[in-house]
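# Observations on chain architecture
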Amino acid sequence: YARDLSERIIPRGVETDEVVGIVLLLRDVLARSLFAKYQTDFQLLNRILDAYEPAANRIANTVAVGFVQERERIIRQQQEAIRELSTPVLQVRERLLILPIIGVIDSQRARQLTEQLLRGIRTNRAKVVVIDITGVAAMDATVANHLVQTVEARSLSNPSRESATMEVPILKQGLYLIASIQAALSDVDLLHLRDALAEKVGKFRARGVIVDVTVLDVMDSFASRTLRDLAHMTRLRGAETVIVGIQPEVAFAMVQLGLTLEGVDTALDLEEGLAFLDKKTKRHMSRG
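A few points on the structure. (Residues numbered from 1 in each chain as written. Predicted model: local features only at pLDDT ≥ 70, side-chain atom pairs only at ≥ 80, totals over all residues. Heavy atoms only, no water.)

A tally of regular secondary structure across the protein gives ten helices and eight strands. Counting every position in the protein, which comprises 288 residues, the buried fraction comes to 33%. The contacts of the protein with a sequence gap of at least 6 include a subset with a gap of at least 24, amounting to 71%. Carbon and sulfur atoms make up 56% of the accessible area of the protein, which totals about 17800 Å². (Helix = DSSP H or I, 4+ residues; strand = E, 2+ residues; numbered from the N terminus. Buried < 20%, exposed > 50% of the residue type's maximum accessible area, 1.4 Å probe, protein only. Contact = heavy atoms within 4.5 Å. Areas by Shrake-Rupley, 256 points an atom, 1.4 Å probe, with all protein chains shown as cover.)

Structure representation (structure tokens):
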């Protein structure tokens with residue numbers, strides 16, 4: 001009864017002291033009613049009051065405790081909802097999440113942040129997560145440690161992806177090598193692809209390399225730098241490199257972020273990339 005009463009009156013904004021005051025007033029009213037009814041028989045009245053007072057006090061205590069517990073439960077629910085709203089994990093595009101952080105990061109919020117992020121990664125099968133700390137006023141060692149722990153938790157949630165290298169198929173077509181990326185690559189995967197192409201250029205005496213990035217929906221600074229390095233390395237080994245298939249939204253994001261493929265040739269698709277290499281190869285042969 002106390003719990004049901006609390007659930008009904010808390011949404012009305014009733015305070016704890018008001019609830020206790022009402023219960024105590026009811027206790028006193030009932031006590032006066034008993035006194036008025038049995039005042040002619042003092043022995044019976046004393047026995048009734050001896051039984052009534054402990055019971056009335058227990059009822060008042062039960063109602064007060066039930067009210068406080070119900071209010072604390074509602075406050076906890078509200079705090080949980082506020083914490084979830086304060087750490088939103090937003091899906092920007094397929095398999096790309098952004099986590100904007102605003103305000104102070106303490107241990108409890110860091111744990112909430114990590115749980116929300118891991119849940120978002122599992123739900124959206126994300127490959128890339130951007131953590132935006134623009135709204136964090138102060139960045140000290142504690143905050144940095146919380147962020148590092150969040151990143152480490154993300155890595156531990158998918159250890160097989162971190163430890164295994166994704167092989168990118170490299171096909172030989174005449175004088176050219178074609179590397180067609182099939183899925184989002186980690187930094188280790190990109191380095192492995194760079195080294196593999198540099199090795200195969202010498203092995204097959206290739207005159208051109210095409211890297212097809214059509215499936216990539218994100219091109220960060222590391223990927224841009226690695227592709228530039230790849231183009232310079234293969235050029236030093238006598239082969240030209242063309243990057244094909246950069247999606248419009250990826251190109252837009254690269255421009256917005258100031259990322260460039262300076263010194264690297266690009267083409268719309270594989271067909272245009274092959275035509276570009278044919279033209280460039282014929283030009284070099286005619287000069288030779």
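Before going further, it helps to spend a moment on unusual backbone geometry. Glycine aside, negative phi is the norm for most residues, and most peptide bonds take the trans geometry. The backbone of Arg 205 shows a phi angle near 50°, a positive value even though the residue is not glycine. Looking at the element boundaries, Arg 205 is found in the loop between α7 (187-204) and β6 (208-212). With a relative accessible area of 70%, Arg 205 lands in the exposed category.

A separate point is the side chain of Thr 241. Within the secondary structure layout, Thr 241 lies in strand β7 (residues 240-244). In terms of polar contacts, Thr 241 uses its side chain to reach the side chain of Thr 234, at 2.5 Å. When residues no more than four places from it in sequence are discounted, the contact partners of Thr 241 are Val 209, Leu 230, Ala 231, Thr 234 and Asp 265. (Polar contact = N/O pair within 3.5 Å; in protein donor to acceptor, adjacent residues only side chain to side chain.)

It is worth spelling out the packing of α7 against helix α8 (residues 221-236) at this point. Angle between the axes and distance between the axes: these two values describe a pair of packed helices. One can describe the packing of α7 onto α8 by two numbers: an axis separation of 10 Å at closest approach and a directional angle of 10°. One way to sum up the angle between α7 and α8 is to call them roughly parallel. Every residue of α8 that contacts α7 at Asp 187, Leu 190, Leu 191, Arg 194, Leu 197, Ala 198 and Val 201 is listed here: Phe 222, Ala 223, Thr 226, Asp 229, Leu 230, Met 233 and Thr 234. Its residues assigned to classes, the contact of α7 with α8 shows nine nonpolar, two polar and three charged. (Axes fitted to C-alpha atoms, helices over the stretch in contact; angles between N-to-C directions. Parallel < 35°, antiparallel > 145°, perpendicular 65-115°, else oblique. Nonpolar A, V, L, I, M, F, W, Y, C, P; charged D, E, K, R; others polar.)

Another point: the pattern of salt bridges. In this structure the tally under the stated criterion is four salt bridges. Note that Arg 235 and Glu 240 form a salt bridge whose closest N and O atoms lie 3.6 Å from each other. A residue is classified by how much of its surface remains accessible, and Arg 235, at 33% relative accessible area, is partly exposed. (Salt bridge = Lys/Arg side-chain N within 4 Å of Asp/Glu carboxyl O.)

It is worth spelling out the environment of Asp 229 at this point. In this fold, Asp 229 is placed in helix α8. A sequence separation of 34 residues divides Asp 229 from Gly 263, and the C-alpha atoms of the two residues are 9.8 Å apart.

The next point concerns the sheet that holds strand β2 (residues 96-102). If you trace the three strands from one edge of the open sheet to the other, you get β1-β2-β3, paired in mixed fashion. Taken across any chain shown, the strands that pair with only one partner, and hence form the sheet edges, are β1 (90-93) and β3 (128-135). In this sheet, neighbouring strand axes are inclined to one another by 30° on average, regardless of whether the strands run parallel or antiparallel. Inspection of the sheet shows β1 paired to β2 by three bridges, in the antiparallel sense. Bridge pairing in β2 links Arg 93 to Leu 96. (Pairing = 2+ DSSP bridges.)

Strand order in the open sheet formed by five strands is β4-β5-β6-β7-β8, and the pairing between neighbours is mixed. In the strand order of this sheet, the two ends are held by β4 (170-173) and β8 (265-267), each with one partner. Taking the axes of each pair of neighbouring strands and ignoring which way they run, one obtains an average angle of 25° across the sheet. Sheet topology note: the β6/β7 ladder contains five bridges and is parallel. Within β7, the position partnered with Gly 208 by the bridge is Glu 240. Against the sheet, α8 touches β6 and β7, its axis set at about 150° to β7.

Let us look at the nonpolar core. If you look at the biggest cluster of nonpolar residues, it comprises 29 residues, and the most contacted ones within it are Ile 181, Leu 193, Leu 197 and Val 211. Of all the secondary structure elements, the ones that give two or more residues to this core are β5 (176-180), α7, β6, α8 and α9 (248-257). Residues Leu 97, Ile 101, Ala 110 and Val 136 belong to the second largest nonpolar core, which totals ten residues. (Core = buried A, V, L, I, M, F, W, Y, C linked by side-chain atoms within 4.5 Å.)

It is worth spelling out α7 at this point. With 18 residues, α7 extends 26 Å from end C-alpha to end C-alpha; this agrees with the ideal 26 Å at 1.5 Å per step. Those residues of α7 lying buried are Asp 189, Leu 190, Leu 193, Arg 194, Ala 196, Leu 197, Ala 198 and Val 201. Directly after α7, the chain includes Arg 205, whose backbone phi takes a positive value near 50°. (Expected span 1.5 Å × (residues − 1).)

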